[in-house]
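# Coordinate analysis (summary)
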Amino acid sequence: MKRFALVRRWLVCAALVVGISGCASLDAINPFAASGPKPAPLPELRDALSLPVRYTERLSAGERRYLTPAPVADGVVAAGGKGEVVLIDANGKEQWRTEVGAPILAGVGSDGRLAAVVTEQGDVVAINVSDGSIRWRQAAALPAVTPPLVHDGLVVVRAADHRLLAFDAFDGKTRWRYERPLPPLSLRQSAPLVAAGGAIFVGYPGGIVAALDPNRGQPFFELTVAPPKGTTEIERLTDIVGPVVLDNQELCAAAYQSRIACFDLNTGREVVTSAIATRVGIDRDLRSVITVDEVDRIVAIDLFNGQPRWQNDSLVYRQLTRPVVFGDVALVGDAQGYLHAVDLSDGQVRARTRIGSGAIVVAPQRLADGAVVVQNQDGTVAVVERAR
């Protein structure tokens, strides 16, 4: 039902699973599978709000990829599956277009000055945001699905096998590499890196969040969200899903088919936990952690006691994205290209709009002006303003 395909160091499915009859059983957690439970019909909207679309731009399709537009000061840098990278300004006008010469698998990551993508061949390409010129290209042979992190003079790329490589943002020279022991089975997912407080936060298989020193590529510390449990490798999957979410001195993260936990970063102590299982990750506001469970129920978890505040069952099996807090609502995209706005006070769906016909598999990205940008699988990029 969700945004993942299972990989085990590139071995075939028959070698993966004990106690599951055939690879078709894995369709339920593959976002690109044709089979699966029938999605709920679109719910009726009561006291409906609007989700105004400021503009749309059409790039080449990025099917079976997690292409992610990157907010920058002058607009949005977005990538199409065939290899184009474009800067779209706040009015929806294309300011430049650069062809990287190969289909793009992962991107875009940007710090506002430099944008980075990873091609199908595993090349890392760094592009100047000011004019679209290519600053450097590294033939790193990195299969990747997660957008690079561009931060503090580094371009950090997460390979599909969870290796990290950091390149100098100026000239592309390798600064460091980091890899840690992993369980034999993991999820193939887009798990964005997060830079904050002088560290790079990385979610790993095995339910681990590592805080890395950006200068050396070594961990300051690690936190365990959920240790693996069970007898089969499938049961023991506890990959961190989605990005970690930081607020002041608290870090919250979600582990696949397991639980959600928030930690005090000063002490490393757990402050809130919930047994709700998610495959897409979380967001939060001042009162709640917002998530989508395994059957696409949207749930708000009270940050003070870990109990559900409300639950919305009206969008089950619609293959929802990770929720993103957007003013007074949380936004989720679905497999039919709809963007839904859910009221944070009671969980009711208050608005929706359709972003092209392709599936939305990547959560909306917040812009500095209070809007969000969304990209779907057919290549449609849209900037959406706050519900009103």
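Just so it is clear, the structure is predicted and the values come from calculations on it, not from any experiment. (Residues numbered from 1 in each chain as written. Predicted model: local features only at pLDDT ≥ 70, side-chain atom pairs only at ≥ 80, totals over all residues. Heavy atoms only, no water.)

### Describing the layout of surface pockets
Let me state the cut-off plainly: A 1.4 Å probe that fits into a set of points on a 1 Å grid over the protein atoms alone but cannot get out defines a cavity; an open set with protein on both sides within 12 Å along at least five of seven lines defines a pocket, and lining residues are those with an atom within 4 Å of a point. Grid points are joined across faces, edges and corners, and a volume is the space filled by probe spheres set on the points. What counts as a helix is a DSSP run of H or I of at least four residues, what counts as a strand is a run of E of at least two, and both are numbered from the N terminus. The classification used treats Ala, Val, Leu, Ile, Met, Phe, Trp, Tyr, Cys and Pro as nonpolar, Asp, Glu, Lys and Arg as charged, and all other residues, Gly among them, as polar.
Reported here for the largest pocket is a volume of approximately 1100 Å³. Taken together, 44 residues make up the lining of the largest pocket; nearest its centre are Pro192, Val194, Pro243, Arg322 and Gln365. Those elements giving two or more residues to the lining of the largest pocket turn out to be strand S3 (70-72), strand S7 (104-110), strand S11 (149-151), strand S16 (194-196), strand S20 (240-247), strand S24 (278-284) and strand S32 (365-366). Its residues placed into classes, the lining of the largest pocket shows 26 nonpolar, nine polar and nine charged.

### Notes on the pairing of strand S8 (residues 114-119)
A regular strand places its side chains on the two faces of the sheet in alternate fashion. Heads up, the rule is: Burial classification: accessible surface area is computed with a 1.4 Å probe over protein chains only, and a residue below 20% of its type maximum counts as buried, one above 50% as exposed, and the rest as partly exposed. At least two DSSP bridges between two strands are needed for those strands to be called paired.
Within S8, six of the six residues are buried, which leaves the element mostly enclosed by the surrounding structure. Judged by which residues are buried, S8 turns out to be covered on both faces: Leu114, Ala116 and Val118 on one side and Ala115, Val117 and Thr119 on the other are all buried. Taken together, the four bridges between S7 and S8 define a ladder with antiparallel strand orientation. The residue of S8 that forms the bridge with alanine 106 is valine 118. The antiparallel hairpin formed by S7 and S8 contains three residues in its connecting segment, where glycine 112 sits at a positive phi of about 95 degrees. For S8 and strand S9 (residues 123-128), the ladder comprises five bridges, and the chain directions are antiparallel. Bridge pairing links alanine 115 to isoleucine 127 in S9.

### Overview of the sheet that holds S24
This is how the line gets drawn: For helices, the fitted line uses only the C-alpha atoms of the stretch in contact; every axis is such a line through C-alpha atoms, and the angle between N-to-C directions lies from 0 to 180 degrees.
Ordered in space as S24-S25-S26-S27, the four strands form an open sheet in which the pairing is antiparallel. Edge strands, defined here as strands with exactly one partner in the open sheet, are S24 and strand S27 (308-312). Geometrically, the sheet is characterised by an average inter-axis angle of 20 degrees between neighbouring strands, direction not taken into account. Two strands pair when backbone bridges link them, and strand S26 (residues 298-302) and S27 are joined in this way by four bridges, in the antiparallel orientation. Across the sheet, residue alanine 300 finds its bridge partner in S27, namely tryptophan 310.

### Things to note about the state of the cysteines
Quick reminder of the rule: Counting rule for disulfides: a pair of cysteine sulfur atoms within 2.5 Å.
On inspection of all chains with the given rule, the structure shows one disulfide. Here cysteine 252 pairs with cysteine 262 through a disulfide, and the sulfurs are 2.0 Å apart. Residues cysteine 252 and cysteine 262 share a disulfide whose torsion about the S-S bond is about 110 degrees; that sign makes it right-handed. Here cysteine 252 is found in strand S21 (residues 250-255), whereas its partner cysteine 262 is found in strand S22 (residues 260-264), with ten residues between them in sequence. Judged by its relative accessible area of 0%, cysteine 252 is buried.

### Let's talk about the pattern of salt bridges
In plain terms, the rule: Definition used for salt bridges: Asp or Glu carboxyl oxygen within 4 Å of a side-chain nitrogen of Lys or Arg.
For the coordinates displayed, the defined rule picks out 20 salt bridges. A salt bridge links arginine 54 to glutamate 385; its shortest N-O distance comes to 2.9 Å. Of this pair, arginine 54 sits in strand S2 (residues 53-58) while glutamate 385 is found in the segment after strand S34 (380-384), placing the two residues 331 residues apart along the sequence. Where arginine 366 meets aspartate 283, a salt bridge forms, and the shortest distance between an N and an O atom there is 2.3 Å. Pair noted here: arginine 366 is in strand S32 and aspartate 283 is in strand S24, with a separation of 83 residues, a long-range link. A residue is classified by how much of its surface remains accessible, and arginine 366, at 45% relative accessible area, is partly exposed. Among the residues examined, aspartate 283 registers a relative accessible area of 6% and is labelled buried. Where salt bridges share partners, they join Arg54, Asp369, Glu385 and Arg388 into one cluster.

### So, the environment of glycine 62
In plain terms, the rule: Contacts between residues were defined by any pair of non-hydrogen atoms, one from each residue, lying within 4.5 Å.
Along the polypeptide, glycine 62 turns up in the loop between S2 and S3. Glycine 62 gets classed as buried once you look at its relative accessible area, which sits at 5%. Counting along the chain gives 313 residues from glycine 62 to glutamine 375, while the straight-line C-alpha distance between them is 9.3 Å. Not counting residues within four places of it along the chain, the set of residues in contact with glycine 62 comprises Leu67, Gly81, Gln377 and Gly379.

### Description of the confidence of the model for the chain
This is how it is decided: As a per-residue quantity, pLDDT reports the predictor's confidence and falls between 0 and 100.
Confidence in the prediction of the chain, expressed as mean pLDDT, is 90, and 91% of residues score 70 or more. Within the model, pLDDT remains below 50 along residues 1-28, and this stretch shows 77 contacts once partners closer than five positions in the same chain are excluded.

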